[in-house]
Amino acid sequence: MLNDPRELCARANSIRRRNLIMLNHAGLGHTGGDLSATDILATLYFSILNIDPQVPDKADRDRFILSKGHCSGVLYTTLAEAGFIPLAELDTFMQPLSRLNGHPNRNKVPGVETNTGALGHGLPVAIGTALAAKFDDATWRTFVLTGDGELQEGSNWEAAMAAAHYKLDDLVLIIDRNRLQQGDATERTMHLEPLADKWRAFGWSVREVDGHDHAVLLGTFRSVPFELGKPSCVIAHTYKGQGVSFIRDRAEWHHRVPSKDELTIALEELGDNGHDPAL
Amino acid sequence: MTQLFDCRDAFANALVSLARADRRIVTVVNDSIGSSKITNFGEEFPGRLVNVGIAEQNMVGIAAGLANGGKIPFVCAASCFLTARALEQIKVDVAYSNANVKLCGMSSGLAYGELGPTHHSIEDLAWTRAIANMTVIVPADPIETEQAICAAAHFKGPMFLRISRMPVPIIHATDYHFEIGRAACLREGNDITLIANGTVVIRALQAAMLLAERGVQARVLNLATVRPIDREAIVQAATQTSGIVTLEEHTIFGGLGSAVAEVVVTTHPVPMRILGIQGVFAPTGSAPWLLDYFGLTPIAIRDAALELIEARQPV
Ligand SMILES: Cc1ncc(C[n+]2csc(CCOP(=O)(O)OP(=O)(O)O)c2C)c(N)n1
Ligand SMILES: [Mg+2]
């Protein structure tokens, strides 16, 4: 477990570098959303989640559900950095018969809790895992990450009601609020604001944070549940493509991937990661 | 090299021409403007494109309401999410209510390849053709796509169309006339019949050429309308040739092969082979790689046909 936000920052940088290399190699993937969620995943996997790569299915593990399954790239690189799958396997991303499919598959990849890729599925499943823990008076928790555009799916709001109804204070929803979806800005497509008020009205305890500030993320995730008897909602303000100037905050990078030249510039911008001289 | 086409272009162009002539035509999408290639439609008719965001159930319900209000809505969304997520809206709001909605399942079948089973739409024909009132169409090339979209606009009633993004060659002659419910015979032959639709019709034609090298004359039918099905063409194939091989970019459970078999076993039973995805979630791989992986290569199709013929010879 890392306690120093600077170490988390280095981890996140390493994940970004590996992820971009992997996306370039595959020629496919979702660069923007991977990069917006990287700091959240790095903080969860290296400082918050009670998980064990040696026993990925241990019964009392904290559950992390990536509802925005199109960002399998950041999940796989994080799982590889955390020791769930070999780092070398990242080269097989999207190759024929690879375990690393474009969207995560729990039957193939250790550490994946549920198969996602169709949006609006993660939160209902997370209600189920959180309920299961409650039934058993267990202490493990459920963290689920959704996109913001994803919240346009009605299933999320059905789940939102259920979470408050069942007082699931062992459940933490993190919204990757990067303000962009596939084709355009969320607010131009189907507006979501006032987002925090909506979650409050549905009975959740809400905090809005900088989704790229590791110290803030660490403090936030360490203080869940925000209120006893209520599910916690973290609206993480992020940028799609965070970390690389020409990718950041641009809708067209939703599912564009870096070319060889773009990768070189991106890696230069990200700079050394201090972990692995091979990168 | 034969030139290959993305049928979404023919689809989008047809939609724009139709919309110029008929103000009732509107589109309904789920953050899928780019992936449906209807950016031009949106620019020319900004007030007639409804983008509901990522909300397929709402999308189909809204389309039914628009139809009720006298519009002709074309719902343009990735087929996997349109059919799987909004199936009850398709059944109740569109089919049961008999709303004049055209459901255009974009990038159907295995087109999304390495994005995996959440994005594969290999059950959509089974689901939609099981629903009463539905007309189900799978065009095979840009010529047929354009005509099918025109036919859809003029047809009154619920319809599901598969619009693929997988590059396909032109297989129909320029004077081809698409008719709802009518199979097109692309090659005459009386030894065996190959029945296909959509992106794999070209593979049936290629297999027929391989069969001809073995002295077997295969009839090739493009069965673009899966429902209502062309019973007459199927019965003729069953009576005039010694067996039927179907191939589809779909699971073998409930799709084109099943639809053909339902006619064959109740009229003139002959041996069949049903080629397609064998009831499993596909492994990782690109769309063409997966088609080959599931045995939809011209050689495998030829061999299935030869097996069928051999099995019929009395020992
Ligand atoms: C049910 C469903 N509908 C549509 C899609 C296609 N799709 C994939 S990603 C995406 C945009 C997601 O936007 P957002 O949730 O904001 O994710 P992020 O910005 O973090 O990438 C869309 C529409 C899908 N995967 N699932
Ligand atoms: Mg977003």
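Residues numbered from 1 in each chain as written. Chains lettered and ligands numbered in written order. Predicted model: local features only at pLDDT ≥ 70, side-chain atom pairs only at ≥ 80, totals over all residues. Heavy atoms only, no water.

Q: Please explain the site of ligand 1 as it appears in this structure.
A: Around ligand 1, the structure places 23 residues, and the nearest of them are Lys68, His70, Asp148 and Lys240 of chain A together with Glu56 of chain B. Measuring from an oxygen atom of ligand 1, one finds a backbone N or O atom of Gly149 of chain A at 2.9 Å. Here Glu150 of chain A contributes a backbone N or O atom positioned 2.8 Å from an oxygen atom of ligand 1. Calculation on ligand 1 without its partners gives an accessible area of 600 Å², and the protein chains cover 97% of this total. When each cavity is represented as a set of grid points, ligand 1 is found to reside in the largest pocket. Residues that form the shell around ligand 1 fall into these classes: five nonpolar, ten polar and eight charged. (Near = heavy atom within 4 Å. Polar contact = N/O pair within 3.5 Å; in protein donor to acceptor, adjacent residues only side chain to side chain. Areas by Shrake-Rupley, 256 points an atom, 1.4 Å probe, with all protein chains shown as cover. 1 Å grid on protein atoms, 1.4 Å probe; cavity = no way out; pocket = protein on both sides within 12 Å on 5 of 7 lines; lining within 4 Å. Sits in = over half its atoms within 2 Å of the grid points. Nonpolar A, V, L, I, M, F, W, Y, C, P; charged D, E, K, R; others polar.)

Q: Is there a simple way to explain helix H8 (residues 201-213) of chain B in this structure?
A: Within an α-helix, residues lying three or four positions from one another point in the same direction, as the helix has 3.6 residues per turn. Residues and elements named next belong to chain B. Over its 13 residues, H8 extends 19 Å from the first C-alpha to the last, a length consistent with the 18 Å expected when each residue adds 1.5 Å. Those residues of H8 that sit buried are Val201, Arg203, Ala204, Leu205, Ala207, Ala208, Leu210 and Leu211. Buried residues along H8 sit against strand E7 (184-187), strand E8 (192-196), strand E9 (218-222), strand E11 (244-251), helix H11 (287-293) and helix H12 (298-312). Positive backbone phi, approximately 80°, marks Gly215, located one or two places after H8. (Helix = DSSP H or I, 4+ residues; strand = E, 2+ residues; numbered from the N terminus. Expected span 1.5 Å × (residues − 1). Buried < 20%, exposed > 50% of the residue type's maximum accessible area, 1.4 Å probe, protein only. Contact = heavy atoms within 4.5 Å.)

Q: Looking at this structure, I do not really get the sheet that holds strand E5 (residues 232-237) of chain A. What am I missing?
A: What holds strands together in a sheet is hydrogen bonding between their backbones, with the strands either parallel or antiparallel. All names here are of chain A. Taken together, the five strands give an open sheet; going across it, the order is E1-E2-E3-E5-E4, and neighbouring strands pair in parallel fashion. Looking at the sheet topology across the chains shown, the edges are occupied by strand E1 (63-66) and strand E4 (205-210). Sheet twist, expressed as the average angle between the axes of neighbouring strands with direction ignored, equals 20°. Where E1 and strand E2 (residues 142-147) come together, four bridges link them in parallel fashion. Within E2, the residue paired with Phe64 across the bridge is Phe143. Where helix H8 (residues 214-222) meets the sheet, its contacts fall on strand E3 (171-177), E4 and E5, and the angle it forms with E4 comes to roughly 165°. (Pairing = 2+ DSSP bridges. Axes fitted to C-alpha atoms, helices over the stretch in contact; angles between N-to-C directions.)

Q: Is there a simple way to explain the confidence of the model for chain A in this structure?
A: Note: predicted coordinates in regions of low pLDDT should not be interpreted at a detailed level. When pLDDT is averaged across chain A, the result is 96; 97% of the residues are at 70 or more. Segment residues 275-279 of chain A is flagged for pLDDT under 50; beyond a separation of four residues in sequence, or across chains, it makes nine contacts in the model. (pLDDT = per-residue confidence, 0-100.)

Q: Is there a simple way to think about the nonpolar core in this case?
A: In globular proteins that are soluble, nonpolar side chains generally tend to be buried together. Formed by 52 residues in total, the largest nonpolar core has its most connected members in Leu44, Tyr45, Phe64, Phe143 and Ile174 of chain A. Ranked by residues supplied to this core, first place goes to helix H2 (residues 31-48) of chain A with eight residues. Each residue touching Phe143 of chain A, except ones within four places of it in the same chain, is listed here: Leu44, Ile48, Leu49, Arg63, Phe64, Ile65, Val172, Ile174 and Val224 of chain A. Residues Val101, Val226, Ile244 and Ala259 of chain B belong to the second largest nonpolar core, which totals 42 residues. (Core = buried A, V, L, I, M, F, W, Y, C linked by side-chain atoms within 4.5 Å.)

Q: How should the domain arrangement of chain B be read in this particular structure?
A: The accessible area lost on association of the parts is a frequent measure of interface size. Residues and elements named next belong to chain B. According to the domain assignment, chain B contains domain 1 (7-163) and domain 2 (184-309). Measuring from the centre of the C-alpha atoms in domain 1 to the corresponding centre in domain 2 gives 26 Å. Listed by partner, the interface residues are 27 residues for domain 1 and 29 residues for domain 2. Here domain 1 meets domain 2 over a buried area of about 2100 Å², counting both sides, of which 57% is carbon and sulfur. At the boundary of domain 1 with domain 2, the tally comes to 16 residue pairs in polar contact (both at pLDDT 80 or more). (Domains from an automatic or database assignment. Buried area = accessible area lost by both parts, 1.4 Å probe.)

Q: Please explain the interface of chain A and chain B as it appears in this structure.
A: Of the residues lining the interface, 27 residues belong to chain A; the matching set on chain B comes to 23 residues. Both sides together, the interface formed by chain A and chain B hides about 1800 Å², and carbon and sulfur atoms give 53% of it. Of all residues in chain A, Leu97, Asn101 and Glu153 of chain A bury the most surface against chain B, accounting for 25% of the area lost on that side. If you look at where chain A meets chain B, you find one salt bridge. With a closest N to O distance of 3.3 Å, Arg85 of chain B and Glu153 of chain A form a salt bridge. For the interface between chain A and chain B, the tally reads 15 residue pairs in polar contact (both at pLDDT 80 or more). (Salt bridge = Lys/Arg side-chain N within 4 Å of Asp/Glu carboxyl O.)

Q: How should I be thinking about the pattern of salt bridges in this particular structure?
A: Pairing is possible between side chains that carry opposite charge, provided their charged atoms lie close to one another. Under the definition given, this model contains 30 salt bridges over all chains. Two residues, Arg129 of chain B and Glu262 of chain B, come together in a salt bridge whose shortest N-O distance is 2.7 Å. Taken together, the positions of Arg129 of chain B in helix H6 (residues 124-129) and Glu262 of chain B in helix H10 (residues 256-267) put the pair 133 residues apart, joining distant regions of the chain. Since its relative accessible area comes to 14%, Arg129 of chain B is described here as buried. One salt-bridge network, in which partners are shared between bridges, spans Asp148, Arg177, Glu187 and Glu193 of chain A.

Q: Whenever I open this one, the sheet that holds E8 of chain B confuses me. Can you help?
A: Residue and element names in this part refer to chain B. An order of E7-E9-E8-E11-E12 is seen for the five strands of this open sheet, with the pairing classed as mixed. Only two strands of the sheet have a single neighbouring strand rather than two, namely E7 and strand E12 (272-277). Averaged over all pairs of adjacent strands, the angle between strand axes in this sheet comes to 25°, irrespective of strand direction. As judged from the three bridges shared by E7 and E9, these two strands associate in the antiparallel manner. Of the residues in E9, the one forming a bridge with Arg187 is Val220. Here helix H9 (residues 231-240) sits on the sheet in contact with E8, E9 and E11, set at roughly 170° to E9.

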